[in-house]
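What the coordinates show
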Amino acid sequence: MREIVTIQVGGFANFIGSHFWNFQDELIGLADELHGDAIFKDSGLDMDVLYRSGETQQGFLTYTPRLLSVDLPGSLGSLRSSGSLYEGPSVHDTTEIATWTGSVTKIVSEPHKKNLFLQSLEEEEKDISTNSGSNSVPKNGNGDIQQERDKDRVECLQKCVQFWTDFAKVHYHPRSLYELTGLWSDKQEFNNFGSGRDVFSRSLHGEEMSERLRFFVEECDHIQGFQFIVDDSGGFSSVATDFLENISDEYTSTPVLLYAARGPGNYTSILGQHARALRALHDSVSFSRLSSFCKLMVPIGLPSLSKVSAHLCVDDEMPFHSSAVYAAGLHSISLPFRMSTLGPATHSESTFGALDVATFTQLLADQARQNMVSVLDIAMPAPPLPGEQNQRFVQRSLHPLTPDVKEEADDDAHGIQSTVIHGALHQGGTRASITEVKEAFCLDYQNSESLPLFSNISIALCPLPLPLPFPRLFQNTLGQHGEITMNPTASGALGSLDVFSIPMAARLRSSNAILPFIEKRLLDFRRYGMARGSLGIQLLQSWGFQRDELEDMAESQAKMVQLLGGGSEGSSDSD
């Protein structure tokens, strides 16, 4: 077994994670359908890489994500922190503390009510449980009635998603969901690196988080790595940094693949010089500290997703929408980690190019240039295979989800890239084979204007399935299986009731395309935090940083710039 433990820290990271686990849940459900599509039943993907088997105290078997999620108190909405499969522990009543003799006022907030989608999931599970072992038909069996119910559930989610648990289909283990209780700041105040300082070590949070992580790691036969997603737009960057440092000390040989994510809401215009300096210093410090404790870092989060694909119509102001796109990218790029591995002389008909996390991160980060910051690109949906030899395939359709990168074509002759294509279609909408995709990709690669030093390709026949709570993100130019049509039959945006699956392509690039991202953070760090008389000197001191630590961070970023062939930014004087 080659297990992966996933860690999600912060609000937007958990929004992304909720969609990610919905994709996995959908794959599991489609594989178990009695007369389901063979493409899902024989996907060639090993879900045990991400999931763990367990058993409740009542003897019911469970299959839950190998996950640790960290967020602020109250972020779980209607879901208990113990999850929904197991009986939750009773909340400790602080009014019974014997060491306090004064009066106590107890304030209990009203629990959040489940929305229509979550209510219907609960009803369906009760129906399945009631009819288990009998020949009776569940009350949801009528197709027309079920279709109307689904429409109502989808419409509910389009309007009322407030928490990432509002659209989660997945059951979580009691050790998976952790809230940072005892913080005296709300979401608006927890908005910079300094606001999260010492949270990990305060009130035993660090010990509890490490113990929960240890529970999942010790269950693994042979852990291949950590998949770590952090909302790096505020105080969670600091929490994640301390957690990552602890992980690097305790699991020294286990690679960490880090996604530093932020939602479009973080790019709203900031008024005032002090506020701009605060945001710039947060970005610089967060990047420097997070990148110090992982094997490979992938920044994701654009001001707007409108340019990612002509077939998408994303409401950038809704985390429910934007996080779905990033989750699709993470799902696709991680497929090689869970492709079933066969013997050296055996070839799979469903997958090609299996990799583990260590090999993957070494491929991108441990080459001669030692660049450990990569660009994530996606094509959503992936274009059909070309009908003629001189037509281009997927290379021109990929668009970066990483901000502040070079917009022109990537011409880095020292670049390394790894591409994943799954569920590819021909122009007529029929499914393409592994061999056909491989040949089309190689021809497209050879016809590129410039070539990287090395390019890897992984392929799976299984497309991205769209679960019911997937938002309406697509233009009416797509068919039911993500095929591009010139004769739309529906009006308005399309969702999971209209499009059942889509072909996807994702790519990670280790190249100088990331150079503007790093240079911007280095320039801002020197301008606002290092120069004499700058606005941020006292601010950084209040965050707990000494002068020598700041110089080390600036030197580290300058080295990254130099390794990527940057100009004067890497050698300018910090004073």
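In the block above lies the structure referred to throughout.
Treat the numbers as computed from the prediction; the structure is a model and nothing was measured.

Think of a sheet as strands paired side by side through backbone hydrogen bonds, with each pair either parallel or antiparallel. Across the sheet, six strands lie side by side as β5-β4-β1-β6-β7-β8; this open sheet has parallel pairing. The sheet terminates laterally at β5 (177-179) and β8 (296-300), the two strands that pair on one side only. Sheet twist, expressed as the average angle between the axes of neighbouring strands with direction ignored, equals 15°. Here strand β1 (residues 4-9) pairs with strand β4 (residues 67-71) via four bridges, running parallel. Of the residues in β4, the one forming a bridge with Q8 is S69. On top of the sheet, helix α9 (residues 357-365) reaches β1, β6 (225-231), β7 (256-261) and β8; it is set at about 80° to β8, its chief contact.

Before going further, it helps to spend a moment on the packing of aromatic side chains. One pass over the full model with this rule turns up 19 aromatic pairs. Between the aromatic rings of F15 and F167, the centroid separation amounts to 5.8 Å while the plane-to-plane angle is 40°, which identifies the pairing as tilted. Remark: F167 occurs in the loop between α4 (143-160) and β5 and F15 occurs in helix α1 (residues 11-32); sequence separation between them is 152 residues. By the burial criterion, F15 is buried, and F167 matches it.

To continue, consider the environment of Y51. Mapped onto the elements of the fold, Y51 is located in strand β2 (residues 51-55). Distance from Y51 to E3, taken between C-alpha atoms, is 8.2 Å for residues 48 residues apart in sequence.

With mixed pairing, six strands are arranged side by side in an open sheet as β9-β13-β12-β16-β10-β11. A strand with exactly one partner marks an edge of an open sheet, and here the two such strands are β9 (351-352) and β11 (399-400). Sheet topology note: the strand β10 (residues 375-379)/β11 ladder contains two bridges and is antiparallel. Each bridged residue has a counterpart across the sheet, and for D377 the counterpart in β11 is P400. Sheet contacts for helix α8 (residues 319-333): β10, β12 (416-422) and β16 (504-510); angle to β16, the most-contacted strand, approximately 80°.

A complete count under the given rule lists 25 salt bridges for this structure. We note a salt bridge from R212 to E208, for which the minimum N-O separation is 2.7 Å. A residue pair is termed a helical-turn pair when its members lie 3 or 4 positions apart in one helix, as R212 and E208 do in helix α5 (residues 205-219) at four residues. Take R212: its relative accessible area is 14%, and that puts it in the buried class. By sharing partners, the salt bridges in this structure join D232, R262, R279 and D283 into a single network.

Turning to the pairing of strand β3 (residues 61-65), a few remarks are in order. Each regular strand shows side chains that alternate between the opposite faces of the sheet. Where β2 and β3 come together, five bridges link them in antiparallel fashion. Its bridge partner lying in β3, E55 is registered against L61. Between β2 and β3, which pair antiparallel in sequence order, lie five residues; one of them, G59, sits at a positive phi of approximately 90°.

Attention shifts here to the packing of helix α7 (residues 273-291) against helix α11 (residues 515-530). For the pair α7 and α11, the least separation of the axes is 8 Å and the interaxial angle reads 125°. Overall, the two elements α7 and α11 adopt an arrangement that is oblique. Here α7 runs over α11; the crossing is left-handed. The residues of α11 that touch α7, namely those facing A277, A280, L281, D283, S284, V285 and F287, are F517, I518, R521, D524, F525, Y528 and G529. Class assignment for the residues of the contact of α7 with α11 results in nine nonpolar, two polar and three charged.

This next bit is on the nonpolar core. Ranked by size, the top nonpolar core spans 131 residues in total, and within it L213, F226, F228, I300, M380, L401 and F474 carry the most contacts. With ten residues, α1 is the largest single contributor of residues to this core. When sequence neighbours within four positions are dropped, the list of residues in contact with F228 reads I7, V9, A240, F243, L244, I247, V256, L257, L258 and Y259. Within the second largest apolar cluster, 16 residues are counted, among which are A379, V437, F441 and I459.

The next thing to look at is the pairing of strand β13 (residues 454-460). Where burial is concerned, most of β13 is hidden: six out of the seven residues are buried. Here β9 runs beside β13; their pairing, made up of two bridges, is antiparallel. Across the sheet, F352 pairs through a bridge with I459, a residue of β13. Pairing of β12 with β13 involves seven bridges; the strand directions are parallel. When the bridges of β13 are listed, V420 appears paired with S458.

This paragraph deals with helix α13 (residues 547-563). When the terminal C-alpha atoms of α13 are compared, their 25 Å separation across 17 residues agrees well with the 24 Å that a helix rising 1.5 Å per residue should span. Among all positions in α13, only L550, M553, A554, Q557, A558, M560 and V561 are buried. In an axial view of α13, the angular spread of the buried residues amounts to 155°, which keeps them on one side of the axis. Facing away from the buried surface of α13 by more than 90 degrees, the exposed residues are E555 and K559. On the buried face of α13, the contacting elements are α7, α11 and α12 (537-542). Looking one or two residues beyond α13, the residue adopting positive phi is G565, at roughly 85°.

Of note, the amide linkage connecting M380 to P381 takes the cis form, showing an omega dihedral of 0°. For P381, the location among the structural elements is in the loop between β10 and β11. For Q370, which is not glycine, the phi torsion reads 60° and is therefore positive. Within the element layout of this structure, Q370 appears in the loop between α9 and β10. Relative accessible area serves as the criterion here: at 45%, Q370 is assigned to the partly exposed category.

Calculation criteria
- Residues numbered from 1 in each chain as written.
- Predicted model: local features only at pLDDT ≥ 70, side-chain atom pairs only at ≥ 80, totals over all residues.
- Heavy atoms only, no water.
- Pairing = 2+ DSSP bridges.
- Helix = DSSP H or I, 4+ residues; strand = E, 2+ residues; numbered from the N terminus.
- Axes fitted to C-alpha atoms, helices over the stretch in contact; angles between N-to-C directions.
- Contact = heavy atoms within 4.5 Å.
- Phe/Tyr/Trp six-rings, centres within 6.5 Å; stacked < 30°, edge-to-face > 60°.
- Buried < 20%, exposed > 50% of the residue type's maximum accessible area, 1.4 Å probe, protein only.
- Salt bridge = Lys/Arg side-chain N within 4 Å of Asp/Glu carboxyl O.
- Parallel < 35°, antiparallel > 145°, perpendicular 65-115°, else oblique.
- Left-handed = near helix turned anticlockwise from the far one by under 90°.
- Nonpolar A, V, L, I, M, F, W, Y, C, P; charged D, E, K, R; others polar.
- Core = buried A, V, L, I, M, F, W, Y, C linked by side-chain atoms within 4.5 Å.
- Expected span 1.5 Å × (residues − 1).
- Arc of directions from axis to C-beta.

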